[in-house]
Amino acid sequence: MKLMGMSKCVLPLPLQASGVTVNDEVIRVFNDMKVRKSSTQEEVRKRKKAVLFCLSEDRKKIIVEEGKQILVGDIGETVDDPYGCFVKLLPPNDCRYALYDATYETKESKKEDLVFIFWAPESAPLKSKMIYASSKDAIKKKFTGIKHEWQVNGLDDIQDRRTLAEKLGGNVVVSLEGKPL
């Protein structure tokens, strides 16, 4: 079909928007992680350090994945290495979205930044990679103000904390989560 001398394009399915929506709980979790208002010690302990998001069973919504989080209060008690623990939360054979609240130091100052991670391991089913990739914009649009985005395609890309440090500030980062690089 021609329209004013132009062909009408139909995008192949993986490139079309997926129609997946973002659950309100996902937005609430993001806002809680983003806003660092003065809080009581108990509120700080309940803050999420890291959280995973997945597709609902019907693949129509992005939801908070139950039990796949690290709380600030867990650090030093049940979690010694928050970054290493976060990496272990990622499923080896399926995709996920994640938010990680990175604490790092540069030569000048200490910083905290949220990192949006799209986990799409090579071993994930093709259908899963396609729907997560085509739904990524839906969740990204809800996460306003995210400075760092990282697509990770396997454990080799994420296991070494220096790779995240590089995403956060190149060679000026001297420590991540209190551990020197």
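In the nomenclature of an unreviewed UniProt entry, the protein is known as Cofilin-2 of Ataeniobius toweri. UniProt, in its Sequence similarities (unreviewed entry) section for the protein, records the words "Belongs to the actin-binding proteins ADF family."

Asks: Where do I start with the overall build of the protein in this structure?
Replies: Summing up its helical and strand segments, the protein has six helices and ten strands in all. Looking at the protein residue by residue over its 181 residues, the buried ones come to 38%. A fraction of 64% describes how many contacts in the protein between residues 6 or more apart in sequence connect residues 24 or more apart. As presented, the protein carries roughly 10,800 Å² of accessible surface, and 51% of it is formed by carbon and sulfur atoms.

Asks: Mind showing me how you'd approach unusual backbone geometry here?
Replies: Among all residues save glycine, negative phi is the norm, and among peptide bonds the norm is trans. Positive phi outside glycine occurs at Arg 59, with the angle close to 60°. Position of Arg 59 among the secondary structure elements: in the loop between β4 (48-55) and β5 (61-71).

Asks: How should I be thinking about the side chain of Ser 134 in this particular structure?
Replies: Among the secondary structure elements, Ser 134 is positioned in helix α4 (residues 126-142). The exposure class assigned to Ser 134 is buried, which follows from its relative accessible area of 18%. Polar contacts involving the side chain of Ser 134 include one to the main-chain carbonyl oxygen of Ile 131, which spans 3.2 Å.

Asks: It is not clear to me how the packing of aromatic side chains should be interpreted in this structure. Could you clarify?
Replies: In this description, an aromatic ring pair is defined by two values, namely the gap between the centres and the angle between the planes. With the rule as written, the count across this model stands at nine aromatic pairs. With centroids separated by 6.0 Å and ring planes inclined at 20°, the aromatic side chains of Tyr 97 and Phe 116 adopt a geometry described as stacked. With Tyr 97 in strand β6 (residues 96-106) and Phe 116 in strand β7 (residues 110-119), this pair connects stretches of sequence that are 19 residues apart. You can call Phe 116 buried: its relative accessible area is 1%.

Asks: For this particular structure, what's the right way to read the nonpolar core?
Replies: One broad rule of soluble globular proteins: the nonpolar side chains tend to lie buried together. Phe 86, Ile 158 and Leu 164 are the most contacted members of the largest nonpolar core, which has 24 residues in total. Elements with a contribution of two residues or more to this core: β4, α3 (82-89), β6, β7, β8 (148-152), α6 (161-169) and β9 (173-176). Setting aside residues no more than four positions away along its own chain, Leu 164 makes contact with Tyr 83, Tyr 100, Ala 102, Val 115, Trp 150 and Leu 176. Among the nonpolar cores identified, the runner-up in size contains 23 residues, and Cys 95, Ala 124, Ile 131 and Tyr 132 belong to it.

Asks: How do you make sense of the pairing of β4 when you look at a structure like this?
Replies: For a regular strand, the rule is simple: side chains alternate between the two faces of the sheet. In terms of burial, β4 is largely enclosed, as eight of its eight residues are buried. Counting the residues in the hairpin turn of β4 and β5 gives five residues, including Arg 59, whose phi is positive at 60°. Note that β4 and β6 share four bridges and pair antiparallel. By the bridge assignment, Val 51 is partnered in β6 with Leu 99.

Asks: Teacher, can you tell me more about α3 here?
Replies: An α-helix turns once every 3.6 residues. As a result, residues three or four positions apart point the same way. Among the residues of α3, Pro 82, Tyr 83, Phe 86, Val 87 and Leu 89 are the ones counted as buried. The buried residues of α3 occupy an angular sector of 155° when the element is viewed end-on, so they sit on one face.

Asks: Which parts of the structure should I look at to understand the pattern of salt bridges?
Replies: Pairs may arise between side chains of opposite charge once their charged atoms sit close together. Per the counting criterion, the structure on display carries twelve salt bridges. Here Arg 45 and Glu 77 are joined by a salt bridge, their closest N and O atoms 3.1 Å apart. Remark: Glu 77 occurs in the loop between β5 and α3 and Arg 45 occurs in helix α2 (residues 41-46); sequence separation between them is 32 residues. Assessed through its relative accessible area of 55%, Glu 77 is described here as exposed. In this structure, Arg 96 and Asp 94 form a salt bridge, with 3.5 Å as the shortest nitrogen-oxygen distance. Salt bridges linked by common partners bring Glu 25, Arg 28 and Asp 32 together as one network.

Reading the values: the criteria
Residues numbered from 1 in each chain as written. Predicted model: local features only at pLDDT ≥ 70, side-chain atom pairs only at ≥ 80, totals over all residues. Heavy atoms only, no water. UniProt positions renumbered as here; feature names shortened; annotations may be inferred. Helix = DSSP H or I, 4+ residues; strand = E, 2+ residues; numbered from the N terminus. Buried < 20%, exposed > 50% of the residue type's maximum accessible area, 1.4 Å probe, protein only. Contact = heavy atoms within 4.5 Å. Areas by Shrake-Rupley, 256 points an atom, 1.4 Å probe, with all protein chains shown as cover. Polar contact = N/O pair within 3.5 Å; in protein donor to acceptor, adjacent residues only side chain to side chain. Phe/Tyr/Trp six-rings, centres within 6.5 Å; stacked < 30°, edge-to-face > 60°. Core = buried A, V, L, I, M, F, W, Y, C linked by side-chain atoms within 4.5 Å. Pairing = 2+ DSSP bridges. Arc of directions from axis to C-beta. Salt bridge = Lys/Arg side-chain N within 4 Å of Asp/Glu carboxyl O.

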